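Observations on the three-dimensional arrangement
Letter by letter, the chains look like this.
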Amino acid sequence: MNIGTYRNLGFTALAAAVGLAACGGDSSSNNSVTPPSARSAPILVMLNGPTNRGQIDRLDPALNVEANFSSGGNEGMAQDLLGNLYVADDTATPSTFQTIHLAAQREDGSLTDPALERDIDAPGSATVKGIAVAHEAGLLFAANVGGNSIEVFGTAAGDMAQPLASTALPANCWDLAYNETQDILFLAMTNGTILVVDNYVAGGFDASAARTITPGDGASISNIHGIAYRADTDTLVVTDVGDAAVADDGKVYVISNASSASGMVTPDRTLAGPATMLGNPVDLILEGNKAFIAEKSNDAILVYNNIFAGQSGDVAPNRTVASVKPESLVRITTPRREADVSDIDDSDTTIDGVLVSSNAPLAGDPDVVVLDTDLTTVQRDFTVGESLESVSVNQLGDVYLTADDGANLDGRIVVVNRLGTERDGEMFSLSRDRIVSGAATTLVSPKGFDVADEAGLLLITDNGDPAVKVFGAQSGADAPPLFTTSLAVAPWDLDYHPKGDQLFVALTDGTVAVFDDYLANQGAEDPDRIITPTIGGSAIAAPTNLHGIVYVADRKTLIVSDVGSGAVGTDGKLYVIEKADRADGNTDVAVSIDNGDGTTVGNTQLGNPVDIAFDGSSLYVAEKSQDQVLRFDNILSSPGGDVTPDASYAQTKPESVVLLPDYLAPSEEDGLGRGSIR
């Protein structure tokens, strides 16, 4: 075993695996909010003073500091629907962004770590301040103060990122709020106005026709900073720092009919005066009717229990909480996680498409296609431009692929932003996508892997350096694995069962290695069991070489594919193994799909079935030697033998296959479970 550690990550593998204290979802001032729920949520506070720059405090629902941890940023924050945090850093020019792995799980004093965190370049930017996430589209919007622009990136971009778009503005914007349902962008401008951009994404990120809202009488110094939008009442709440050098001239405005307002408007409510403690209110977030305001000059978080109602004027906050130089705020919310795509057991799950990678496609053809589930039509295609191996997808809709050119032994992880739901006819782009590669990764010839969304991890088999290597799912650049489990036999594919913390690894000697409590032990143990498939009590005749593997947790059943000899294109098989949760040693297969003659594929069309995917009933197979994608229905109750596939599609050299359920890339509304707070 070659076991690394989580270093100074501040949480255990077991906590990550079972999601202890797991929270997620995006709820900063950059997003819409819904009416109040029955409980409060924890809050993250970015601090930006001379001695605490980049420190993030996590406040419990009672607003007590329960932990603080370091970040690579100091300005705006936004959270995705898996609980990863994006932070902006303007301490150098150009600015940058960083992702923070599962911020709600970080323990007190934990540091950022290159095995988990990812930097996103923002070339051409001046000083990035507020940021927002468009969750379905997978886009990151950033207010570029000093550059009079909004910079746009893909949320999966990395350390070589280029802007996807740059929106020219008539003045500088400090913060922004985006409503993805209406595709409206609200911009808090430092000249005292609010710009409203309709059809921002659909219109190609163009703000030339933006409407201008000017709150108040426009006579006093005005410098809008924080902004939040409540969609159900079409209401904006914005903060005004006034003169940044003055600590008592801050204001808060409440503006109704925000999506249609234009010109000079009289706010529904204006708060200002010494009792408010508003001096430099640089950010705010909403929780139903409640507003939390980051008051930087007076070192406080100000809380108004009902920001939308009550008199205007010098109204004191309902609560004041000490906080040294707070810069931005995010509320932690609980995402509604569905099954990881490798763990779909319910045949009622709606599958929108079957994503297939090819290695190598015909010259000029795309290397990724999305087929319909009937295997009759190509719905979308995409070109990565790498020698692709295995493929998977997280619940945000980002597609992960392993790549290996074979000659240079330099395995890579390719992450493609929202390929699980869109990107038709496009190519890999550093504006949206990233590659994880380099000596620190230790990847030689990576093959199969699994995305464990709740733990925020990637589990990868390395066929060239026999091992399972575990990475942070948000890592980038030359990230090292968090830990490595060395194997005596070269692996090809794996399937991780998160609820049971079990790992099943398909080995090229025809066996399956099973690890119990895998993440809890950080992969530090030898396999707990080795399953050897047998038929009638006899070991399967050589050659046998397991590749694709799926564990069906509700049936405690394994499905594996056997390519036989990789050099022979006619001897493939499929096996179903029951009671796999406790099987050990020689284990009779319950179903064997095999024509019994390794010199012909027979009706099965199985020659080199290199990968499989399961929807709860039907098994999809990437059959490489026969250039086919196959579908076998009711696989768990199949009679076996020389079974004809129920559907097939001619595809050049399919290497891997993954199913795309309809819950990928949810909107903020869909991505938060019932009772969550936004």
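Quick look at the structure, then. Here the residue numbers are simple positions, counted from 1 along each chain's written sequence. The predicted nature of this model means local features are confined to residues of pLDDT at least 70 and side-chain atom pairs, given and counted, to a pLDDT of 80 or more, with totals for whole chains, interfaces and linings taken over all residues. Only heavy atoms go into the side-chain values, all of them from the structure, while hydrogens and water stay out.

Of all hydrophobic cores here, the largest spans 35 residues; its most connected members are V354, L355, V368, V384 and L401. Among the secondary structure elements, those contributing two or more residues to this core are β27 (351–358), β28 (368–371), β30 (388–393), β31 (399–403), β32 (412–416), β49 (609–614), β50 (619–623) and β53 (654–661). Among the nonpolar cores identified, the runner-up in size contains 22 residues, and V152, A171, V197 and Y200 belong to it. Only buried Ala, Val, Leu, Ile, Met, Phe, Trp, Tyr and Cys residues count toward a nonpolar core, and they belong to the same one when joined by side-chain atoms within 4.5 Å. Exposed residues in this analysis have more than 50% of their type's maximum accessible area, buried residues have under 20%, and partly exposed residues fall in between, with area computed by a 1.4 Å probe over protein chains only. Helix and strand definitions follow DSSP, with helices as H or I runs of at least four residues and strands as E runs of at least two, each counted in order from the N terminus.

Let us now look at the pairing of strand β14 (residues 184–189). Within β14, 6 of the 6 residues are buried, which leaves the element mostly enclosed by the surrounding structure. Here β14 shows two buried faces, one formed by I184, F186 and A188 and the other by L185, L187 and M189. For two strands to be treated as a pair, DSSP must find at least two bridges joining them. Taken together, the 6 bridges between strand β13 (residues 173–179) and β14 define a ladder with antiparallel strand orientation. Among the inter-strand pairings, Y178 is bridged to a residue of β14, identified as L185. In this structure, the hairpin formed by β13 and β14 is closed by a connection of 4 residues, where D183 is found at a positive phi of approximately 55°. Hairpin geometry of β14 and strand β15 (residues 194–198) is characterised by an intervening segment of 4 residues between the two adjacent antiparallel strands and by a positive phi of about 90° at G192.

With a probe scaled to a water molecule rolled over the atoms, the places where space remains empty come into view. A 1.4 Å probe that fits into a set of points on a 1 Å grid over the protein atoms alone but cannot get out defines a cavity; an open set with protein on both sides within 12 Å along at least five of seven lines defines a pocket, and lining residues are those with an atom within 4 Å of a point. Grid points are joined across faces, edges and corners, and a volume is the space filled by probe spheres set on the points. Evaluated as defined, the whole model comprises 5 cavities of 30 Å³ or more. Looking at the largest cavity, its volume works out to about 230 Å³. Taken together, 23 residues make up the lining of the largest cavity; nearest its centre are S342, I549, V550, I612 and V657. Where the lining of the largest cavity is concerned, the elements lending two or more residues are β30, β35 (446–452), β39 (491–497), β44 (546–552), β49 and β53. A total of 4 residues in the lining of the largest cavity trace back to one element, the largest contributor, which is β49. The residue inventory of the lining of the largest cavity, partitioned by class, reads 14 nonpolar, 3 polar and 6 charged. Polar here means any residue other than Ala, Val, Leu, Ile, Met, Phe, Trp, Tyr, Cys and Pro, which are nonpolar, and Asp, Glu, Lys and Arg, which are charged; Gly is therefore polar.

Looking at the element boundaries, E117 is found in the loop between β7 (96–100) and β8 (118–121). In protein, a polar contact requires one atom able to donate a hydrogen and another able to accept it; more generally it is a pair of N or O atoms within 3.5 Å, and residues adjacent in sequence count only if both atoms are side-chain atoms. There is a polar contact of 2.8 Å between the side chain of E117 and the backbone nitrogen of H101. Here the side chain of E117 touches R106 through a polar contact of 3.2 Å, side chain to side chain. Sequence-distant contacts of E117, defined by excluding residues within four places in its chain, comprise Q98, T99, I100, H101, R106, L111, T112, Q474, S475 and G476. Whether two residues are in contact is decided by their heavy atoms, any of which lying within 4.5 Å being enough.

Counted as a void, the largest pocket has a volume near 400 Å³. Considering the residues around the largest pocket, the lining is formed by 22 residues, among which E338, A339, D340, P498 and K499 are closest to the centre.

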